[in-house]
Amino acid sequence: MTPSSALSPHARDSALAAMRAVDGQPELDVLVVGGGVTGAGTALDAVTRGLNTGLLEQRDLASGTSSRSSKLVHGGLRYLEMLDFGLVREALQERGLLFTRLAPHLVRPVPFLYPLTHRGWERPYIAAGLTIYDGMAMLGKYDAGVPRHKHLLRRQVARIAPDFKAETIVGAIQYWDCQVDDARLVVGLARTAAAHGAHVATRVKVTGFLREGERVVGVRALDLESQQELEVRARVVVNAAGVWTDEIQEMVGGRGALHVQASKGIHLVVPRDRIRSEAGFIVRTAISVLFVIPWGRHWIIGTTDTPWDLDKAHPAASRADIEYVLEHVNAILREPLDHDDVEGVYAGLRPLLSGESEPTSRISREHTVVTPVPGLVMIAGGKLTTYRVMGQDAVDAAAHSLRTTANLTIRDSITDRVPLIGAADWETRSNQRVLLSRRSGLHVARIDHLLGRYGGLVDDLLGLVAERPALGQPLEGAEDYLAAEVVYAVTHEGARHLDDVLTRRTRISIETFDRGLRAAPEVARLMAAELGWDPARTADEVDHYRRRVEAERQSQLMPTDQEADEARVSAPDIV
Ligand code: FAD
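A brief structural summary. Worth saying up front: this structure is predicted, and the values here are computed from it rather than measured.

**Side note on the overall build of the chain**
From N to C terminus, the chain includes 20 helices and 20 strands. Against the globule reference of 25 Å for 575 residues, the chain gives a C-alpha radius of gyration of 23 Å, in line with a compact fold. A principal-axis box enclosing the C-alpha atoms of the chain has dimensions of 75 × 55 × 50 Å. Within the chain, buried positions represent 61% of all 575 residues. Partitioning the intrachain contacts of the chain with sequence separation of at least 6 by distance along the chain shows that 73% fall at a separation of at least 24. In the form shown here, the chain has an accessible surface area of approximately 22,800 Å², with 52% of it arising from carbon and sulfur atoms.

Dropping the structure here:
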């Protein structure tokens, strides 16, 4: 059977059937644990080298850190200031590759203003940094894809960003980086891996390892949808569990070399019209920087950086976090933002590496690959931008094991030449946007929105609308999205619960003041028709979502992390 990129409910069943070991058969070459950007990137790397590959994710694709980032595909000016040139160069190279070749439909260039507040030293200092930044991008292996930085005088800044406090700004430097919808990137990676033959199943939690002596030969897992246990055998298991890495290491008796410390970062989402600026901008804080990033009809503002050792599945933003962000962004704004301007809030956990005990295995300052016991590769750290390099390094480590134990010939990574699904016809379809609008009856702005989310796969969406015209209607309460996008999320993008669609396939949960409550019943109805939910089940999905929103709202009123966590965990995930 030809592999399909569609992550439908049927495809999940087939993937589980293909992975499930009965009498020790079949055996995968590589099983990846974790469906964040690292795991999905690793699965794509493995399958495109010719390895029989599986991926298990305990909740939804990108439900961990990989849907909660600042969504920048960037070199990281901060690392430049720390003189970590290797890391910045690697990330800038990946930025160019993603933007020009691998995911041009998902990755977008964004202009940023670096506002200058001191006369004299500041302009040459920042300009020197940005010259190196741009230079590294241009001298890399791939096209930089974005323009070089340029200097702006005070009055030019006032034209671009009239809402800046004029008295604090003496000028600015404009530079370019890129952004991506992180959750959609992960779904795109997982679908591309599936299109090349990887078996992908979400809502399957790995609970232990199968061992033969020292060696890891697979995993025990629980299908959270059916509550059935299963075994999956694999020559190598690659663990890409982000902030859950230590738990996975416990399953091999704590024999790990990686220690991941979670650090919380929160973001606020506010409507675009609350800040008049044609470009994103940076606000310096005492310890780091705050990004104010254009996001469709909104701004994303963040982030914070504080240790977190509470619930990893539901990191909660406290009132103190929100006030910290508001206070810092307000330092530069003429009209301050307040709590009433906040449409959405999200919190994520950075998987920071601490005190690893195997220095030889260290691949770069940002991510690390180790092989604590034969048959098990662990990868952690890194950033969204460098997921491809991480996947490559993880599979290189797995390849070493496969060569010695299975006598397999493993090819080098080819992911720098494997575009994500949707990339192929994106440019052609973009040129045809007016034609597509005329043919479908959808407004050109709507076609642009679809192109930016699905690329060349826009044909699938328009086909759905042609077949079922009602799906061409916007969702009530979340008019930026069409009903067709909900149906497609279920039939092609692996969405299985209401939260998957409202939070990750779309961003309705952070882009509407009611956090998606008004749209929830219609979205649930559309999903129910595809997934065969009865009215009780449909109501349960809506009820769980409501309770989640309520718990998050409560947590955001709490002064401390402890209290915010207690409020948030009061609303459990749907079982
Ligand atoms: P995750 O996305 O957390 O994935 C791990 C997955 O493993 C989870 O989905 C989890 O459910 C699954 N899992 C765990 N245990 C099990 C189990 N037992 N069985 C099955 N599955 C399991 N990077 C950038 O490049 N640009 C940015 O702008 C940026 N901004 C950031 C801002 C913040 C606030 C944060 C927190 C991070 C940011 N990052 C950024 C970093 C980037 O988001 C992360 O490095 C990246 O998303 C980590 O991906 P991951 O796949 O390793 O982890």
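Still more to cover.
**Topic: the side chain of serine 437**
Tracing the backbone shows serine 437 in helix H12 (residues 433-440). Reaching out from serine 437, the side chain makes a polar contact with the backbone oxygen of leucine 442 at a distance of 2.7 Å. Aside from chain neighbours lying at most four places away, what touches serine 437 is Leu442, His443, Val444 and Ile447.

**Regarding the site of the ligand**
Near the ligand there are 37 residues, and of these Thr38, Glu57, Ser66, Leu72 and Thr385 occur at the shortest range. Between the ligand and the protein, one listed contact pairs a nitrogen atom with a backbone N or O atom of glutamine 58 at 3.0 Å. Note that an oxygen atom of the ligand is positioned 3.1 Å from one of the backbone N or O atoms of leucine 384. Relative to its free-state accessible area of 1,000 Å², the ligand is covered by the protein chains to the extent of 97%. Of the residues in the shell around the ligand, the class split is twelve nonpolar, 19 polar and six charged.

**A word on the pattern of salt bridges**
In a structure, side chains of opposite charge can pair up when their charged atoms sit close to one another. Under the definition given, this model contains 41 salt bridges. In this structure, arginine 184 engages glutamate 493 in a salt bridge whose closest nitrogen and oxygen atoms are separated by 2.6 Å. Residue arginine 184 is located in helix H7 (residues 182-195), and its partner glutamate 493 is located in the loop between helix H15 (483-492) and helix H16 (498-505); the two are separated by 309 residues in the primary sequence. Taken as a pair, arginine 184 and glutamate 493 share a single burial class, namely buried. Residue glutamate 552 pairs with arginine 568 through a salt bridge whose shortest N-O separation is 3.6 Å. Placement of glutamate 552 in helix H19 (residues 535-555) and of arginine 568 in helix H20 (residues 561-569) is noted, with a sequence separation of 16 residues between them. Members of the salt-bridge network, linked through shared partners, are Asp60, Asp499, Asp500, Arg504, Arg505, Arg548, Glu552 and Arg568.

**Considerations on the pairing of strand S20 (residues 478-482)**
Here is the key point about a regular strand: its side chains alternate between the two faces of the sheet. Summarising the sheet, strand S19 (residues 474-475) and S20 pair through two bridges and their orientation is antiparallel. Pairing of proline 474 across the sheet is with leucine 482, part of S20. Hairpin connection between S19 and S20: a loop of two residues separates the two successive antiparallel strands, and glycine 477 in this loop has a positive phi of roughly 95 degrees.

**Quick word on the nonpolar core**
The nonpolar side chains of a soluble globular protein tend to be buried, and buried together. If you look at the biggest cluster of nonpolar residues, it comprises 53 residues, and the most contacted ones within it are Val107, Leu185, Leu189, Val238, Tyr387 and Leu420. Counting only elements with at least two residues in this core, the list comes to strand S1 (28-33), helix H2 (37-48), helix H4 (85-102), strand S6 (171-179), H7, strand S10 (228-239), strand S18 (376-381) and helix H10 (387-406). The element that contributes the greatest number of residues to this core is H7, accounting for eight residues. Of all hydrophobic cores here, the second largest spans 41 residues; its members include Leu436, Leu451, Tyr481 and Val490.

**A closer look at H10**
The end-to-end C-alpha distance of H10, which contains 20 residues, comes to 27 Å, matching closely the 28 Å that a straight helix rising 1.5 Å per residue would cover. Restricting attention to buried positions, one finds in H10 the residues Tyr387, Arg388, Val389, Met390, Gly391, Asp393, Ala394, Val395, Ala398, Ala399, Ser401 and Leu402. After H10 finishes, the residue asparagine 407 shows a positive phi value of roughly 55 degrees.

**Structural notes on the side chain of histidine 298**
Within the secondary structure, histidine 298 sits in strand S14 (residues 298-302). Histidine 298 has contacts with Val269, Val270, Pro271, Arg272, Ile293, Glu343, Asp480 and Glu511, leaving out every residue within four places of it along the chain.

**Overview of the packing of aromatic side chains**
Counted according to the given criterion, the structure contains seven aromatic pairs. Relative to phenylalanine 291, the ring of phenylalanine 112 has its centre 5.9 Å away and its plane inclined at 65 degrees; by these criteria the two rings are edge-to-face. With a gap of 179 residues between them, phenylalanine 112 in strand S4 (residues 108-116) and phenylalanine 291 in strand S13 (residues 289-295) connect regions that are remote in the sequence. Between the aromatic rings of tyrosine 454 and tyrosine 488, the centroid separation amounts to 5.6 Å while the plane-to-plane angle is 85 degrees, which identifies the pairing as edge-to-face. Placement of the pair is tyrosine 454 in helix H13 (residues 444-454) and tyrosine 488 in helix H15, with a sequence separation of 34 residues. For tyrosine 454, a relative accessible area of 2% corresponds to the buried category. In textbook terms, an aromatic cluster arises when at least three aromatic residues are bridged by ring pairs, as seen for Phe112, Tyr133, Tyr175 and Phe291. When the ring centre of tyrosine 79 is taken as reference, the NZ or CZ atom of arginine 78 above it lies at 5.0 Å. Taking NZ or CZ as reference, arginine 184 lies 4.6 Å from the ring centre of tyrosine 454, over its face.

**Some details on the pairing of strand S12 (residues 280-284)**
The buried count for S12 comes to four of five residues, which makes it a mostly enclosed element. The pairing of S4 with S12 spans two bridges and is parallel. Paired with phenylalanine 112 across the two strands is glycine 280, which belongs to S12. When S12 meets S13, the two strands line up antiparallel, connected through four bridges. Within the sheet, the bridge partner assigned to valine 283 lies in S13 and is leucine 290. The hairpin turn running from S12 into S13, its antiparallel successor, is four residues long.

**What to know about the packing of H2 against H7**
Look at H2 against H7: their axes get within 8 Å of each other, and the N-to-C directions meet at 25 degrees. With respect to H7, the element H2 is oriented roughly parallel. Of the two possible hands of crossing, H2 and H7 adopt the one that is left-handed. Each of Val37, Ala40, Gly41, Ala43, Leu44 and Val47 in H2 lies in contact with H7, whose residues at this interface are Leu185, Val186, Leu189, Ala190, Thr192 and Ala193.

Thresholds, definitions, all that
- Residues numbered from 1 in each chain as written.
- Predicted model: local features only at pLDDT ≥ 70, side-chain atom pairs only at ≥ 80, totals over all residues.
- Heavy atoms only, no water.
- Helix = DSSP H or I, 4+ residues; strand = E, 2+ residues; numbered from the N terminus.
- Rg over C-alpha atoms; globule rule 2.2 N^0.38 Å.
- Buried < 20%, exposed > 50% of the residue type's maximum accessible area, 1.4 Å probe, protein only.
- Contact = heavy atoms within 4.5 Å.
- Areas by Shrake-Rupley, 256 points an atom, 1.4 Å probe, with all protein chains shown as cover.
- Polar contact = N/O pair within 3.5 Å; in protein donor to acceptor, adjacent residues only side chain to side chain.
- Near = heavy atom within 4 Å.
- Nonpolar A, V, L, I, M, F, W, Y, C, P; charged D, E, K, R; others polar.
- Salt bridge = Lys/Arg side-chain N within 4 Å of Asp/Glu carboxyl O.
- Pairing = 2+ DSSP bridges.
- Core = buried A, V, L, I, M, F, W, Y, C linked by side-chain atoms within 4.5 Å.
- Expected span 1.5 Å × (residues − 1).
- Phe/Tyr/Trp six-rings, centres within 6.5 Å; stacked < 30°, edge-to-face > 60°.
- Lys NZ or Arg CZ within 6 Å of the ring centre and 35° of its normal.
- Axes fitted to C-alpha atoms, helices over the stretch in contact; angles between N-to-C directions.
- Parallel < 35°, antiparallel > 145°, perpendicular 65-115°, else oblique.
- Left-handed = near helix turned anticlockwise from the far one by under 90°.

This is a description of form; function is not addressed.
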